[in-house]
Amino acid sequence: MTGWFGAVPRGVRALRRGPGLRARLTLIYTGLFFAAGTALLLATNLMTARALNRQFVIRLPPLEAPSPGRDRKFLAFQIGKDYLSQIEQSKQQVLQDLLQNSALVMAGIGILAIILGHMVADRALRPLHRVTDAAERLSESTLHERIALAGPHDDVKRLADTFDAMLDRLQRAFDAQRRFALNASHELRTPLAINRTLLEVALEEPDASEDLTRLGKALLATNARHERLIEGLLLLTRSEHELVTRRPVDVRDLAQGVVELLEPTARRRRITVTERLGPATAGGDPVLIERCVFNLVENALKYNVKDGTVAVEVAADGGNVLIRVENTGPLIPGHEVADLFEPFHRLRERVGSAQGSGLGLSIVRAIVNAHGGTVEASPRAEGGLTITVRLPAAPRTLLQAR
């Protein structure tokens, strides 16, 4: 978020949004208490003052014999005046003490009301916390969980029941998606495999003409491209599922194996691959992590220049495993880098290219997201791309269980 003078700090944005629901409820409870307490204090003081004015009774002592020059009536008037003055002072002192003591008591009880208000607000919002926790915990692998909130059929219960009903619909939708992916994999891969077999048999015929051989090789290459596309789609679907079980994965060995596997491709394209592989153990699926590294290195080799370079780095980075692949290549506009992770997206130089299906980096992002990691790409000033992946390192409990 930006303003006239640049980006607005997060703290300022939080102040603009105001306090949270629990704080607002606490403020409402406390404000109502102080309003009611102030009204009660004023009413108590008014009634006490009225009672003192109407109910105060004094008894004068017996009058002594008047001194010469002063009669009995004057003496009685003077004594009554003194007593009335003392009564008025005592009444004011009583009202002042009552006001001070009431204010102190209300301040103490007000502090207690703030604490109790916060506790009451927390208890009232506890069902909402269960809904929030369920939403944060929700993933494709935990769609079977439900809130199942018990209690009176109030607004919060209706919200929880509505959320459970939404989870039911989501679970049915994901189950249907899985079934469709399995059926599609069978229905699409089988005819392609049959076509590949027929083409390979036709190409092995000794009396096949040159035109027929050339056409068969072209069709075989197209068929192989379609097979890679289907395999990529199926792997992308699998990679988007959150992992249920995790195992320690030695990323250095995986990266070393991938570099050795792609060494003939690099040699054929006259690309130099450099390695800087340090010890690093991630927690996750070894097959998916290997595919992630393979796609990164393969992508760096495919979209490179002659006599180019590819640098592969693996290192432990605090609580993460860092995988960085950097390659030379054509200049890439900065605003188009983020779109490279979208399925079937290619840059202008890659449109119509038969080098890949446009799913390599999409699969990388899906695998990284399934492992709870991050992936980012940045263009190099001299051309090419730098892709950095961070995967959570294997926890100590997982390493001990190995």
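Residues numbered from 1 in each chain as written. Predicted model: local features only at pLDDT ≥ 70, side-chain atom pairs only at ≥ 80, totals over all residues. Heavy atoms only, no water.

## Here's the deal with the pattern of salt bridges
Oppositely charged side chains can pair when the atoms bearing their charge come close. In total, this model carries 11 salt bridges according to the counting rule given. Between Glu263 and Arg267 there is a salt bridge; the shortest N-O distance is 3.6 Å. Of the two residues, Glu263 and Arg267 both sit in helix α7 (residues 263–268), four residues apart, roughly one turn of that helix. Residue class for Glu263 comes out partly exposed when judged on its relative accessible area of 42%. For Arg267, a relative accessible area of 54% corresponds to the exposed category. Its salt-bridge partner being Asp317, residue Arg390 comes within 3.2 Å of it at the nearest N-O pair. In this pair, Arg390 is assigned in strand β9 (residues 385–392) and Asp317 in strand β6 (residues 309–317), connecting sequence segments 73 residues apart. (Salt bridge = Lys/Arg side-chain N within 4 Å of Asp/Glu carboxyl O. Helix = DSSP H or I, 4+ residues; strand = E, 2+ residues; numbered from the N terminus. Buried < 20%, exposed > 50% of the residue type's maximum accessible area, 1.4 Å probe, protein only.)

## A closer look at the packing of helix α6 (residues 251–261) against helix α8 (residues 286–302)
Packing of α6 against α8 brings their axes to within 9 Å, and their N-to-C directions diverge by 45 degrees. Looking at the two axes, α6 sits oblique to α8. You can see that α6 and α8 cross each other, and the crossing is right-handed. On α8, the residues touching Val251, Leu254, Ala255, Val258 and Leu261 of α6 are Pro286, Ile289, Glu290, Val293, Phe294 and Val297. When grouped by side-chain class, the residues that make up the contact of α6 with α8 number 10 nonpolar, no polar and one charged. (Axes fitted to C-alpha atoms, helices over the stretch in contact; angles between N-to-C directions. Parallel < 35°, antiparallel > 145°, perpendicular 65-115°, else oblique. Left-handed = near helix turned anticlockwise from the far one by under 90°. Contact = heavy atoms within 4.5 Å. Nonpolar A, V, L, I, M, F, W, Y, C, P; charged D, E, K, R; others polar.)

## Some thoughts on the UniProt feature "transmembrane region" (unreviewed entry) in the chain
Mapped onto the present numbering, the UniProt feature "transmembrane region" (unreviewed entry) falls at residues 21–43 and 103–121. The span residues 103–121 carries 100% helix and 0% strand; its end-to-end C-alpha distance comes to 26 Å. (UniProt positions renumbered as here; feature names shortened; annotations may be inferred.)

## Comments concerning unusual backbone geometry
Here Arg270, not a glycine, exhibits a phi torsion of approximately 60 degrees, which is positive. Along the chain, Arg270 falls in the loop between α7 and β4 (272–277). With a phi angle near 60 degrees, Asp307 is a residue other than glycine that sits in the positive phi range. Inspection of the secondary structure puts Asp307 in the loop between α8 and β6.

## Focus: a nonpolar patch on the surface
Taken together, Ile111, Leu112, Ile115, Leu116 and Met119 make up a surface patch of nonpolar side chains, about 490 Å² in accessible area. Among the secondary structure elements, Ile111 is positioned in helix α3 (residues 72–137). The exposed category is assigned to Ile111, whose relative accessible area is 54%. (Patch = residues over 30% accessible without salt bridge, like charges linked within 9 Å, V, L, I, M, F, W, Y side chains within 5 Å. Areas by Shrake-Rupley, 256 points an atom, 1.4 Å probe, with all protein chains shown as cover.)

## Let's talk about α6
The set of residues buried in α6 consists of Val251, Leu254, Ala255, Val258 and Val259. When α6 is viewed along its axis, its buried side chains cluster within an angular range of 135 degrees and face the same direction. If you check the start of α6, you find a side-chain oxygen 3.2 Å away from the backbone N of Arg252, and it comes from Asp250. (Arc of directions from axis to C-beta. Polar contact = N/O pair within 3.5 Å; in protein donor to acceptor, adjacent residues only side chain to side chain.)

## Some remarks on a negative patch on the surface
The grouping of Glu200, Glu204, Glu205 and Asp207 at the surface amounts to a negative patch. Structurally, the position occupied by Asp207 is in the loop between α4 (155–203) and α5 (210–239). (Lys, Arg positive; Asp, Glu negative; His and termini not counted. Charge placed at Lys NZ, Arg CZ, Asp CG, Glu CD.)

## Focus: the confidence of the model for the chain
Looking at the chain as a whole, the pLDDT averages 76, with 74% of positions reaching at least 70. Segment residues 1–8: pLDDT under 50, and nine contacts once partners within four positions in sequence are set aside and those in other chains are kept. Across residues 348–354, confidence stays below pLDDT 50; counting only partners more than four residues off in sequence or on other chains, it has 11 contacts. (pLDDT = per-residue confidence, 0-100.)

## Some remarks on the pairing of strand β8 (residues 374–379)
Of the strand pairs in this sheet, β8 and β9 are connected by six bridges, and their pairing is antiparallel. If you follow Val375 over to β9, its bridge partner there is Val389. Here β8 folds back onto β9, and the loop between the two strands holds five residues, one of which, Gly383, carries a positive phi near 110 degrees. (Pairing = 2+ DSSP bridges.)

## Some details on the environment of Ala135
Topologically, Ala135 is positioned in helix α3. With a relative accessible area of 39%, Ala135 lands in the partly exposed category. For the pair Ala135 and Phe163, spaced 28 residues apart in sequence, the C-alpha to C-alpha distance is 8.8 Å.

## Examining the sheet that holds β6
Paired through their backbone hydrogen bonds, the strands of a sheet run either parallel or antiparallel. One open sheet holds the five strands; their spatial order is β4-β6-β7-β9-β8, and the pairing between them is mixed. Because the sheet does not close on itself, it has two edges, and the strands there are β4 and β8. For this sheet, the mean angle separating the axes of adjacent strands, direction not counted, is 10 degrees. Seen against the sheet, α6 touches β4, β6 and β7 (320–327) and runs at an angle of roughly 170 degrees to β4. The strands touched by helix α9 (residues 360–370) within the sheet are β8 and β9, with β9 carrying the most contacts at an inclination of about 25 degrees.

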